[in-house]
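An overview of the molecular structure
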Amino acid sequence: MDYLKYVMIVGLASLTVAAICCTALWVMAPLILSRARPEEGEHGETAAEPRPPAEPELPGVRFNFTAQQAPALAGILKKESPEDTAVVVSRLPAEAGRALLDALTTERRAKVLQCLASPRTVDLELMRGMKVELENRLYGVVGGAAQAAPFIKLLAYEERKELLETIYSESPARGAELRALFIFDEDLPGIPDRDLGALAAAVPAETMGTYLPALPEALKARLKEQYSGKEGLALQKVALAAPQGPVEKRAALDSFIALVEDMAEKGLIVRPKPQAKQKPAAVPAPDKASAPAVKAPAPAAKPKREWG
């Protein structure tokens, strides 16, 4: 019995000591960890990366154009003198200035750098005028096919197609520029075999089967060849069960064209070239020489007069 009491006392004491140690470690943990953490800059892994030196501020007039605008600037400055182009380069941020020089031809770049290396006194009013002129010519242009295309794309397929046909009838040049940004059903048969294979690889047979009834016959036959075995059977089964109404076909065609446009924008396939819509063949006029002669109607017989 005394031995049991001894064991219990020793056990309770051990537990008490363990509890005290755990409490002490819990309280002292932040201090221990803070001392164990290396100081900033002590090791290369934790040291902060040095920041690149800030670009020095240019005194006077600055041309706040970006490197992405450099090609457009190069086009605007194409007819300007190398001296004036050198002024623009000197007033640009460093990255934009390098991009502008890269956008110039080799010969013109050499002339601009030669002018830039020669000191020149330029009136501040002249530089302000150059800046305003460049901003007007760069930002003053509103519109264009690229800006109109997203709004046209919001329309349903039939409306989009009808709108572009109307624009083309009124302005062929503008209509052709816009037409090149869209894909229509008459363009689909021109998809190359390689891109057709990419389409089949990206679209399951069950999904492609829902598009199949709405596609042009030439493209439909080529797509069927891309699926074989079980996939080919699944394609045929879904295509036969798909709705065949005009509304459902228009929706399926719109979805398929959206898929092709999305893959073309991602660079997975080549955008099909716009194809001119085939006009119905005109009925040839009959040849007068070979046409049978049409007899003139005989004059109506006069009624017989009754004499009294």
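These figures come from a predicted structure and were not determined experimentally. (Residues numbered from 1 in each chain as written. Predicted model: local features only at pLDDT ≥ 70, side-chain atom pairs only at ≥ 80, totals over all residues. Heavy atoms only, no water.)

1. Details of the confidence of the model for the chain
Summing up the model confidence of the chain, the mean pLDDT is 81 and the portion of residues at 70 or higher is 74%. Here residues 40-46 scores under 50 on pLDDT; set against residues more than four positions off or in separate chains, the count is three contacts. Counting contacts from residues 302-308, a segment whose pLDDT is below 50, to residues more than four positions away or on other chains yields zero contacts. (pLDDT = per-residue confidence, 0-100. Contact = heavy atoms within 4.5 Å.)

2. Focus on the pattern of salt bridges
Per the stated rule, a full pass over the model turns up 16 salt bridges. K153 serves as the salt-bridge partner of E261, at 4.0 Å between the closest nitrogen and oxygen. One end of the pair, E261, is in helix α14 (residues 246-265); the other, K153, is in helix α7 (residues 145-153), with 108 residues separating them in the sequence. By relative accessible area, E261 is classed as buried at 4%. When its relative accessible area of 37% is taken as the criterion, K153 is described as partly exposed. Linking K161 and D185 is a salt bridge whose minimum nitrogen-to-oxygen distance equals 2.7 Å. Highlighted residues: K161 in helix α8 (residues 157-170) and D185 in the loop between α9 (172-179) and α10 (193-202), separated in sequence by 24 residues. Taking relative accessible area as the criterion, D185 reaches 22% and is therefore assigned partly exposed. Connected via shared salt-bridge partners are K161, R179, D185, E186 and D187. (Salt bridge = Lys/Arg side-chain N within 4 Å of Asp/Glu carboxyl O. Helix = DSSP H or I, 4+ residues; strand = E, 2+ residues; numbered from the N terminus. Buried < 20%, exposed > 50% of the residue type's maximum accessible area, 1.4 Å probe, protein only.)

3. Side note on the packing of α8 against α9
It is the contact of α8 with α9, at a shortest axis distance of 5 Å, that shows an interaxial angle of 145 degrees. Considering only the axes of α8 and α9, their crossing is left-handed. Taken together, the residues of α9 that come into contact with α8 (itself represented by L164, I167, Y168 and E170) are P172, R174, G175, A176 and L178. For the contact of α8 with α9, the class distribution of residues is six nonpolar, one polar and two charged. (Axes fitted to C-alpha atoms, helices over the stretch in contact; angles between N-to-C directions. Left-handed = near helix turned anticlockwise from the far one by under 90°. Nonpolar A, V, L, I, M, F, W, Y, C, P; charged D, E, K, R; others polar.)

4. Remarks on the layout of surface pockets
A volume near 250 Å³ is recorded for the second largest pocket. As for the second largest pocket, its lining consists of E83, A86, V87, S90, R91, C115, L116, S118, P119, R120, V122 and M127. Where the lining of the second largest pocket is concerned, the elements lending two or more residues are α3 (82-91) and α5 (106-117). Per-element accounting of the lining of the second largest pocket gives the leading share, five residues, to α3. (1 Å grid on protein atoms, 1.4 Å probe; cavity = no way out; pocket = protein on both sides within 12 Å on 5 of 7 lines; lining within 4 Å. Points joined across faces, edges and corners; volume = space filled by probe spheres on them.)

5. Quick word on the nonpolar core
Core analysis: the largest hydrophobic core is formed by 36 residues, its most contacted members being L188, L199, M208, L215, L223 and F256. Mapped by element, the contributors of at least two residues to this core are α7, α8, α10, α11 (205-211), α12 (217-224), α13 (229-241) and α14. Sort the elements by how many residues they give to this core and α14 lands first, with eight residues. With near-sequence residues (within four places) excluded, L223 lies in contact with L196, M208, L212, L215 and F256. A67, A70, V88 and L100 belong to the second-largest nonpolar core, a separate cluster that totals 25 residues. (Core = buried A, V, L, I, M, F, W, Y, C linked by side-chain atoms within 4.5 Å.)

6. Observations concerning a negative patch on the surface
On the surface, a cluster of negative charge is made up of E158, E159, E162 and E165. When you line up the elements, E158 lands in helix α8. For E158, a relative accessible area of 41% translates into the label partly exposed. (Patch = residues over 30% accessible without salt bridge, like charges linked within 9 Å, V, L, I, M, F, W, Y side chains within 5 Å. Areas by Shrake-Rupley, 256 points an atom, 1.4 Å probe, with all protein chains shown as cover. Lys, Arg positive; Asp, Glu negative; His and termini not counted. Charge placed at Lys NZ, Arg CZ, Asp CG, Glu CD.)

7. Looking at the environment of Q244
With respect to the helices, strands and loops of the structure, Q244 is situated in the loop between α13 and α14. Sequence separation between Q244 and T210 is 34 residues, and the spatial gap between their C-alpha atoms is 10.0 Å. Apart from the residues lying within four places of it in its own chain, the contact partners of Q244 are P213, A239 and K249. A distance of 3.4 Å separates a polar side-chain atom of Q244 from the backbone oxygen of A239. Engagement of the side chain of Q244 in a polar contact is seen with the backbone oxygen of A242, the distance being 3.1 Å. (Polar contact = N/O pair within 3.5 Å; in protein donor to acceptor, adjacent residues only side chain to side chain.)

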